[in-house]
Amino acid sequence: MLKTFKIGGVHPPGSKLSAGRPIENLPLPLSVFIPLAQHIGSPAVPVVARGDVVKTGQLIARSNGFVSANIHSSVSGKVKKIDSMADSSGYPRQGIMIDVEGDEWMEDIDRSETLSREIDVDGQEIIDKIQKAGIVGLGGATFPTHVKLIPPKGMKVEILLINGVECEPYLTSDHRLMLEKADEILTGTRFLMKALKVKKAVVGIEKNKPDAVRLFAEKSKSYEGISIIELKVKYPQGGEKQLIKAVTGREVPSGALPVAVGAIVSNVGTAFAVYEAVRKNKPLIERVVTITGKGLANPSNFKVRIGTPTSAIIEAAGGLPEDTGKIISGGPMMGRAITHPEMPVTKGTSGIILMKKTESRRQEVIECIRCSRCVRACPMGLEPYFLMTASEKNLFDIVEKERIMDCIECGSCSYICPSKRPLLDYIRYGKAKVGQIIRTRKK
Amino acid sequence: MSITIVYTIATLSILGGSAAVILYLVAQKFKVYEDPRIDEVEKALPGANCGGCGYAGCRAFAEACVNAPDLMELYCPVGGDEVMGKIADILGLVAVKKDPRVAFIRCNGVCEFRPDTSNYDGVKTCAIELLVYSGETDCQWGCLGYGDCYEACDFNAIELRPQLGVPLIIDDNCVACGACVEACPNNLIELRKKFPKNRKVVVACRNQDKGAVAVKACKVACIGCGKCVKVCPFDAITLENNLAFIDSDKCKLCRKCPPVCPTGAILELNFPPRKVIE
Amino acid sequence: MDKLFTVSPSPHIFSGDSTRKIMYRVAIALLPALLWAVFIFGLDTLRVTSIAVGACLGVEYIIQKYLMKQKPSISDGSALVTGILLAFNVPSGLPWWIIVIGAVTAIGIGKMSFGGLGCNIFNPALVGRVFLLISFPVQMNTWPSIAIDGVDSITSATPLSLIKEGLAKGMPVSEMLESMPPVSDLLLGYSGGSLGEMSALLLIIGGIYLMIRKVITWHIPVSVIATVILVSGVFWFSDPVEYINPVYHILTGGLMLGAIFMATDMVSSPMTPKGQIIYGVGIGIITICIRLFGAYPEGISFAILIMNAVTPILNMYCKPKRFGGR
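As the structure is a prediction and not an experimental result, all values here were calculated from the model.

(A) Here's a closer look at empty space enclosed by the protein. Evaluated as defined, the whole model comprises 14 cavities of 30 Å³ or more. Taken as a whole, the largest cavity encloses approximately 280 Å³ of empty space. Lining the largest cavity are 22 residues, with Met23(C), Val81(C), Leu85(C), Asp265(C) and Met266(C) sitting closest to its centre. For the lining of the largest cavity, the secondary structure elements donating two or more residues are α1 (19-41), α3 (78-88), α5 (124-135) and α13 (255-262) of chain C. Broken down by element, the residue count for the lining of the largest cavity peaks at four residues, all from α3(C). Residue-level mapping places the lining of the largest cavity at the junction of two domains, with at least three residues from each of domain 1 (20-140) and domain 2 (160-317) of chain C. In this structure, the second largest cavity encloses a volume near 170 Å³. Of all the elements in the fold, those that place two or more residues in the lining of the second largest cavity are α3 (173-180), α7 (268-280) and β13 (286-292) of chain A. The leading source of residues in the lining of the second largest cavity is α7(A), at four residues.

And the structure:
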């Protein structure tokens, strides 16, 4: 019996169309737009000006404060302007636009593919290098990794979990990375273990990726302290709290960080970026992006420079199909639909999904028939039907008591609802309002 | 047979009578003393229970009036000075005088001026769309058009205009309770001084982007050029964050600003047509 | 830009399930029992069922269109299920006008007066049935005799009412059992009763289908049946002369139909597993109390309606286990 988390969960069809496609390098775009806020925390501050010539891997924006991350140029060329561009929500965000000229890298970056497994640096140096390279959680949350590696005082980290679950349908970027860069990921994991001073790391992989499970089971034997665990397929197993529950059986208390139960979760992509930063001195300037969709000619996995417009990736995968109704950045369960295809790829973009017109519209909403499927599907043990109704009626004190802030916005409730009710939309609204109330109360 | 009828009537009468006596006694026992002036004040109020005064309803406002030492902080925007005068008479206090106000939606970004750039397909309320998206157009400041204000209005003073994308406030119905001001997540609605014949001169825009960005998203956006500020003889116009604002308490409706506005963001409403100067 | 893309909050994919599919699955699960009823009672079954279904759909349509002034949604299948369940709960010989009255009560009072689909507190079919049971006791207790070649069980009363009458006359249970159909007949459905409550076996098959298709969970049916066995078992154990054994209790009357199809009605049953089990136990206890001590031979309809009324309280107090709960 394979392990999984206990409460709730849904089983959306996998639709992993691009699972069999090796990672290819995307041709360099003509220009890139690199947003200054690609992470949780304060936006980075530009250190280049208009007209400056930058090299690939050069620091172009410095982190601003502890919870922030450096940003490096992903291409070489000339800074065209520092301007704002609408992000996926339609709000303008500051960023640096660079016109690409050639591909000249910073000299201190090791661009060779040779594997090097030595762990000859000490923990602090690893953290410094991660911070310098601007690494953030690549699973989608984009929390600066160096912050995670320094646990709050009095907390002890006992186990490092490497998230190879990739429970979102369609996405295959982590899967391909695991197949092609297993040793690098495992070495990166060793670095993270050393930085955290933990003896034990577990790589969690879902059963629907048997090749990755086999490969990692084989490879991990030669890495001290790393084991792998095959998990039952269930969404949202890639959620931090759900993964910790599935692997260790511990439940992160409501409102607490994972470190409260002695666990730190990192994505396989992050582990790979850590390897490159520590071993190869390479900052986070590219990532693997899945481009997929039922109408797309060639669903693929590309290694994409940060800042590349989404349209360039779509072009490389066979062009935008005529009947595209929606472009999603991220997974179909938690990703965001973007308003225009010029949106740049950021550190958190794990995939681009093109939905057909027929799939992209929501269906007619009818009355709740109280089937209680949302209650059974909620991985946090909440009652979505109730939270929705109470939020709709602006009963914020009640929804707060019903723990609306525990919601991880995984979308399982909206997914499963047979009446197609927009449960998560209203819960998000309730969360926003309760969040405001909590903040004013603290003041 | 007739005996049965008599019995029935007798039984029912006794039951009903004793129930009435019990009810009367219980009502007497649990009677709560209330200041009779609360009822009087409540009668004087419009009875709309809109909450525009900041209290839960007219009864709560009446209680507050009776219990307050003075009426300086209390005002019923719906009843206005007339009703407050009556309340002041009842309580023997002095009421504050306020100009009548009317709500205005500071956005004129109808579809014609502000083209859609995406197609929103979530719950159709402004507050929920705004959590995830800035709206269907490129203007992140403007009206979303789903009518949260319309839902909040108890006085039929807001007309939804789905084909135009921006609702309209019907001045004659508006009582300035402020419910729509609270409801609008983009803070578009302002309570402005009510001029005779509902005339108004107002910047119908909240766009604080730089001029070029603003006008690209919406043809009638305020670009913050400041021409209106210069032309205003009464210092009623201020410019902040690329956005002009006309203070309705200072404005004298001289209509010097609308013609100088390069984008037509300043509206003059309910005036007779201007004479064309040759 | 010549083409606008759709944006919406996540999630962007949805399960293929719909309320309509759920309702039609319930209807499919009821089909074996319906066919059996046709076999036993003949074409009368089809007459009763089609009148009940037609009247339910018609009443819902009329109320939605002319009273509530909304788009009629009779195709969602919920009125269909109500109609079938109503038909299953009445004797096959019922005159058409009584069925129509039942349908009007079920849909009009039981469902639409609360606001339509999803808003009703009580199971509409049961509201209709109980209304008929109280208003037309004679017609509702006139069981047609079943006469099938080769099967020698011509019954004019249900086993439960036989027991009730027998006990009233002071007959010991063991004596009555001799005149009762054997357990195998009860299981297969050769005893008297309402249309759909004949064959416990076919109802169980329908229930298993619903569980496989994830329309219902095991909590309510299992807790109802287990409670009935347990409570009636205690009485039977204490005095086998006065009380009949649990097997008869679960196989006779509308218990299977009630436990599997009526009590599990989503709208009127609790939301959480814990609440559902309490609800099921409550139904079981009340059913046995009515059967043993009440005036009516059968009690599951009343038991379910009573527990329907308790459902909001159960929803309020039985919360699911929270993740990371304190």
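(B) Seen up close, the packing of aromatic side chains. Counting across every chain of the model gives nine aromatic pairs over all chains. An aromatic cluster is built from Phe235(C), Tyr243(C) and Phe293(C), whose rings are joined through pairwise contacts. One residue, Arg117(A), lies across the ring of Tyr223(A), its end atom 4.0 Å from the ring centre. One cation-aromatic arrangement involves Lys234(A) over Phe5(A); the distance from NZ or CZ to the ring centre is 4.6 Å.

(C) Quick peek at helix α10 (residues 200-212) of chain C. All names here are of chain C. Over its 13 residues, α10 extends 18 Å from the first C-alpha to the last, a length consistent with the 18 Å expected when each residue adds 1.5 Å. Residues of α10 that are buried include every one of Ala200, Leu202, Leu203, Gly206, Gly207 and Leu210, and no others. One face of α10 carries all of its buried residues, which in axial projection span an arc of 165°. Contacts from the buried residues of α10 go to α1, α9 (183-188), α12 (246-251) and α13.

(D) Here's a closer look at the interface of chain C and chain B. On the side of chain B, nine residues touch chain C, which itself brings six residues to the contact. Interface area, chain C with chain B, both sides summed: about 720 Å², of which 69% is carbon and sulfur. On the chain C side of the contact with chain B, Leu4(C), Val7(C) and Pro9(C) bury the most area, a combined 66% of that side's loss. Our count for the chain C to chain B interface comes out at four residue pairs in polar contact (both at pLDDT 80 or more). Both strand β2 (residues 118-120) of chain B and strand β1 (residues 5-7) of chain C contribute to a ladder of three bridges, which runs parallel. By the bridge assignment for β1(C), Tyr120(B) is matched with Val7(C).

Cut-off values and rules
Sequence order as written defines the numbering, with residues in each chain counted from 1. Written order determines the labels here, with chains lettered from A and ligands numbered from 1. Predicted model: local features are reported for residues with pLDDT of at least 70 only, side-chain atom pairs are reported and counted for 80 or more only, and whole-chain, interface and lining totals are derived from all residues. Hydrogen atoms and water are omitted, and side-chain values are computed over all heavy atoms in the structure. Residues are called lining when one of their atoms sits within 4 Å of a cavity or pocket point, these points coming from a 1 Å grid over the protein atoms alone, where a cavity is a set in which a 1.4 Å probe fits but cannot get out and a pocket is an open set with protein on both sides within 12 Å along at least five of seven lines. Grid points are joined across faces, edges and corners, and a volume is the space filled by probe spheres set on the points. Secondary structure elements follow DSSP: runs of H or I of four or more residues count as helices, runs of E of two or more count as strands, with numbering from the N terminus. These domain limits were set by an automatic method or by a database of domain assignments. Stacked, edge-to-face and tilted labels apply to pairs of Phe, Tyr and Trp rings (six-membered ring for Trp) whose centres lie within 6.5 Å, assigned for plane angles under 30 degrees, over 60, and everything in between, in that order. Think of it as a cone above the ring: NZ of Lys or CZ of Arg counts as a charge over the ring if it is within 6 Å of the ring centre and within 35 degrees of the ring normal. Multiply 1.5 Å by the residue count of a helix minus one, and that product is the helix's expected span. Each residue's exposure class comes from its accessible area (1.4 Å probe, protein chains only) as a fraction of the maximum for that residue type: buried when under 20%, exposed when over 50%, partly exposed otherwise. An arc is given here, and it is the one of the directions from the helix axis to the C-beta atoms. The contact definition used throughout considers only heavy atoms, calling two residues in contact when any of these lie within 4.5 Å. Two parts placed together each lose some accessible area; with a 1.4 Å probe, that loss summed over both constitutes the buried area. Residues adjacent in sequence count toward polar contacts only when both atoms are side-chain atoms; beyond that, a polar contact is any pair of N or O atoms within 3.5 Å, and within protein one must be able to donate a hydrogen and the other to accept it. Following DSSP output, two strands are said to pair if at least two bridges run between them.

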